[in-house]
Structures are given as structure tokens and as C-alpha cells.
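Analysis of the macromolecular model
Residues per chain, in single letters:
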Amino acid sequence: MSDCGGGMDEVFEPLERLEDFEGPDISFAEYLDREKVPAEERGRMIGYVEGFNAADHRDVSAASLGAQQKAEDASEGDRIFRLRGGYDQLPAYLAKRIAEYGGTVITGRAAKEIRWKIGRAEIITDSGSFVAARAVVTLPLGVLQGGGVAISPAPDTVMEAAGGLRMGQVRRFTLLFRERFWGGLEPHPALSEMSFLFSFSEMPPVWWTPHPEASNSITGWVGGRRSQALEGMDAEEISRRACATLGRIFGLETDYVSNLLMGCYTHDWRHDAFTGGAYSYVATGGLDASRHMTEPVAGTLYFAGEHTDITGHWGTVHAAMRSGLRAAAQILAHPKLKD
Ligand SMILES: Cc1cc2nc3c(=O)[nH]c(=O)nc-3n(C[C@H](O)[C@H](O)[C@H](O)COP(=O)(O)OP(=O)(O)OC[C@H]3O[C@@H](n4cnc5c(N)ncnc54)[C@H](O)[C@@H]3O)c2cc1C
């Protein structure tokens, strides 16, 4: 039951209708009921929304999916962009710019606590503390909600707003093979140009290759509730299952696929104390949550990060960057407060 990107139009069409969503917010599950979406399409749409948004379809806000759809349409969201050479070039570039402007980037120190009063914020780390007149807190939503960093006094309005958001879950792994064994398979040339592979009845249901880059790797992706199926599995166990799944999809012996495998690379975002999940999504009724999180706390604490995006791009790198620019503009617009 797999296809290579074909047959996806019916999945996207009702999602696009969400752009016109009006009325009191409902969950995506309720939206599917309301639209009387037939069972098979329903499964695919849930698969898509849960996979893309790392969300639970029973909980994610239909209004936020509409806002996201609009935002993506406005920014060529259906085109795939990749940073050649890896995403780490982005933070490396930003760190370089900070240094050029006389700033210092300190890594490898975990914040344990933030103590603050008007005009003074102290960040206590596992080795020493830092004091400043104002602080921008970019802890991931999962860390913020999990209480891994105590903030005292508690920024009640921000934490209450954060209650309208959820940290989504994703499991992603990349398999590196000795050769692009799928390139010569039928249908040809479709498989040799395979970019995405959707296989909703399999685990994981979404796969992609770096096509058109020549590469022998395939990435598997599962988001939302279904990612629990891979919970606690290490790279070895994941690769064993993944080779069996790819064998079924391509009609090949599992051993044939396994013998071509060179390595499997994965990370468990859910159990990472520095993330607590993959990225955020908006829970039903929480459309204004991110906006409320952007309100400065006594002119001293400012919250940023992808979960504070107010342009419909939750869960993305561009949302995170834009939120940083927003927090910087807020600080520059307000005079420094006296302690
Ligand atoms: C598997 C996966 C694939 C993704 N793919 C894409 C994609 O293709 N395109 C896209 O746009 N987005 C993608 N995203 C989402 C994107 O990575 C996030 O939206 C973005 O990184 C959020 O940036 P942020 O600064 O808000 O949070 P983060 O990038 O999570 O940064 C927060 C930082 O805080 C640090 N931190 C946490 N706790 C502490 C502490 N106690 N003390 C000190 N530091 C701490 C963390 O280590 C981390 O460095 C993906 C996410 C995942 C998980």
C-alpha cells in the first residue's frame, strides 16, 4: 500500500479548504467529522497532519492548521529547500555575526534556574551564573513546560499562554546504504528520481531521499502518536525494522536490503532533556497562545523560539529566527529598566 507521491491531491485538497476555516475552534478530528471525510482519505489526512505537524489529530487546532496553510502558501511552502552541507552552518553563521558585533557565544553550559526581578535577570547554570538587565528565554516549549529550568518568580501569564501549545513528537532516522538500490527498480525512472515515498500503512509512513543530490541515503520519518511505536528503540533495532519495511515496499528480501546498509543515524527528541520533543503545535482553542507568549514580562524577560511565532510558521527554523528578531526589536524599543 505504498505510492511514490502520486494520489496525494485528495489529501491536500481538504487541508487547503482549512484556510477558510471560520467559527469556534475545533480539533482536526472534529473537523474531519464535520466535513464527512471518507474513511480512507481520513487516514491519509491524519497521517499527513500528524507527520508534518508532529501533532495528535485529536488535539491539534483546526484554526491553526488553516493559519499555517495560508502562511505556507505565502512562502512557497510546497517547495523543498535544503542547506547544502548541513543545517549547522546556520547557527555557525549567526554565532560568527554575534562575534563580529562584539558579542560572546558560550555553549555547553546548562541553565538550571532563572531568578529575576524588574531590571535584573540571573541565569544560574551548572557552572556559574550570568546577570543582565534583560533576558531572552528561548528554551524549547518542552523544556519550559517540563519545568527543567525553574523560573522564579514564575512568569504566570506566559506559562498560562504556553498551556495552549503542545510539544509535538517525531522520530526520524537516516539509513546510509552502499548503493542507491532503489534507483534501478520499477517503475522506472520514477524510483530513480524518488524524492518522497508515502507508505501510510507502514512504519514509518514517510520516507525521503536527498534527490536531486546524488546520495545513497534514505530518511524515515514518523510524527505524532505513531512515533511512539519506535519509542525506546536504538539505531540498531530501528535499522533492522526499517530494512524489513523497505524490503516490503520495494518487493525485495530483507537480507538484501540489510546487507547494503552501512549505518543508521537517529536521535530520540522525546527523551532529550534539552528538547522534550520535536517542535510545537497549537492545541484546540490555543490560536492566540503564541501571541500572548510574546508579551514581555515586566520589561525584563522576553520569550522567543519557534513556539512564539505569530505568523503561522510554528515548528520551523524561520519561525525561530523571526521570533529572535521580534524579541530584539521589543528590547530596543523599550528603555532599560532600573533594578
Ligand atoms: C527531526 C527534526 C527535523 C526538523 N526539520 C525541520 C525542517 O526541515 N525545516 C524547519 O524549518 N524546521 C525543522 N525542524 C524544526 C526546527 O528544528 C525547530 O523549529 C527549530 O530548531 C526551533 O528553534 P528554537 O531556537 O526555537 O529551539 P531549538 O532549536 O530547540 O533551540 C533551543 C536550544 O536551547 C537549548 N537548551 C535547552 N535546554 C537548555 C538549558 N537548560 N540550558 C541551556 N540551553 C538549553 C537546546 O540545547 C537548544 O540548543 C525540525 C525539527 C526536528 C526535531
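This brings us to the overall build of the chain. In terms of helices and strands, the chain carries eleven helices and 13 strands. By the compact-globule yardstick of 20 Å for 339 residues, the chain fits well, its C-alpha radius of gyration being 22 Å. Principal-axis analysis of the C-alpha atoms gives the chain an extent of 70 × 45 × 35 Å. Counting over 339 residues, the chain shows a buried share of 32%. Look at the contacts in the chain between residues 6 or more apart in sequence, and 68% of them connect residues 24 or more apart.

It is worth spelling out the sheet that holds strand β8 (residues 196–198) at this point. What the five strands build is an open sheet, ordered β8-β9-β10-β7-β11; its pairing is antiparallel. A single partner strand is all that each edge strand has here, and the edge strands are β8 and β11 (261–267). With strand direction ignored, the average angle separating the axes of adjacent strands in the sheet is 20°. Pairing analysis gives three bridges linking β8 to strand β9 (residues 206–208), with the strands arranged antiparallel. Bridge pairing in β9 places Leu197 opposite Trp207. Lying over the sheet, helix α3 (residues 39–53) contacts β9 and β10 (217–223), oriented at roughly 105° with respect to β10.

Read from one edge to the other, the open sheet built from four strands follows the order β3-β2-β1-β5, with strand pairing classed as mixed. Edge positions in the sheet fall to β3 (128–132) and β5 (150–152), since each has one partner strand and no second. Neighbour to neighbour, the strand axes of the sheet diverge by 15° on average, direction disregarded. Across five bridges, strand β2 (residues 120–125) lies against β3 in antiparallel orientation. Paired with Thr125 across the bridge in β3 is Gly128.

Moving on, we come to the environment of Phe173. Considering the arrangement of structural elements, one finds Phe173 in strand β7 (residues 170–177). Since 21 C-beta atoms lie within 10 Å of it, Phe173 is described here as buried. Counting along the chain gives 115 residues from Phe173 to Arg58, while the straight-line C-alpha distance between them is 26 Å. Discounting chain neighbours no more than four positions away, the residues touching Phe173 are Thr219, Gly220, Ala235, Ile238, Ala242, Cys264, Tyr265 and Thr266.

Another point: the site of the ligand. Taken together, 22 residues surround the ligand, and among them Ala111, Phe274, Gly305, Thr316 and Ala320 come closest. Put simply, the parts of the chain that give the shell around the ligand at least two residues each are β7 and α11 (317–333). Counted by class, the shell around the ligand contains 13 nonpolar, seven polar and two charged residues.

Quick look at helix α8 (residues 235–250) now. The end-to-end C-alpha distance of α8 is 22 Å, a good match for the 22 Å that 16 residues give at a rise of 1.5 Å each. Listing the buried residues of α8 in full gives Ser239, Ala242, Cys243, Thr245 and Leu246. Residue Gly251 follows α8 closely and has a positive phi angle near 70°.

Looking now at the pairing of β10. Pairing of β7 with β10 involves seven bridges; the strand directions are antiparallel. Its bridge partner being in β10, Thr174 is matched across the sheet by Thr219.

What follows deals with unusual backbone geometry. A cis geometry characterises the amide bond from Met203 onward to Pro204, with omega recorded as 0°. Mapped onto the elements, Pro204 comes out in the loop between β8 and β9. In the segment running from His211 into Pro212, the intervening peptide bond is cis, with an omega of 10°. With respect to the helices and strands, the residue Pro212 is situated in the loop between β9 and β10. One non-glycine residue, Ala54, lies in positive phi territory at about 55°.

For the rest of this paragraph, the subject is the domain arrangement of the chain. Looking at the assigned domains, one finds that the chain contains domain 1 (9–74), domain 2 (93–167 + 285–333) and domain 3 (170–267). Computed over C-alpha atoms, the centres of domain 2 and domain 3 are 36 Å apart.

What counts, and where the lines are drawn
- Residues numbered from 1 in each chain as written.
- Predicted model: local features only at pLDDT ≥ 70, side-chain atom pairs only at ≥ 80, totals over all residues.
- Helix = DSSP H or I, 4+ residues; strand = E, 2+ residues; numbered from the N terminus.
- Rg over C-alpha atoms; globule rule 2.2 N^0.38 Å.
- Buried ≥ 20, exposed ≤ 12 C-beta atoms within 10 Å, placed from the backbone.
- Contact = placed C-beta atoms within 7 Å.
- Pairing = 2+ DSSP bridges.
- Axes fitted to C-alpha atoms, helices over the stretch in contact; angles between N-to-C directions.
- Near = placed C-beta within 6 Å.
- Nonpolar A, V, L, I, M, F, W, Y, C, P; charged D, E, K, R; others polar.
- Expected span 1.5 Å × (residues − 1).
- Domains from an automatic or database assignment.

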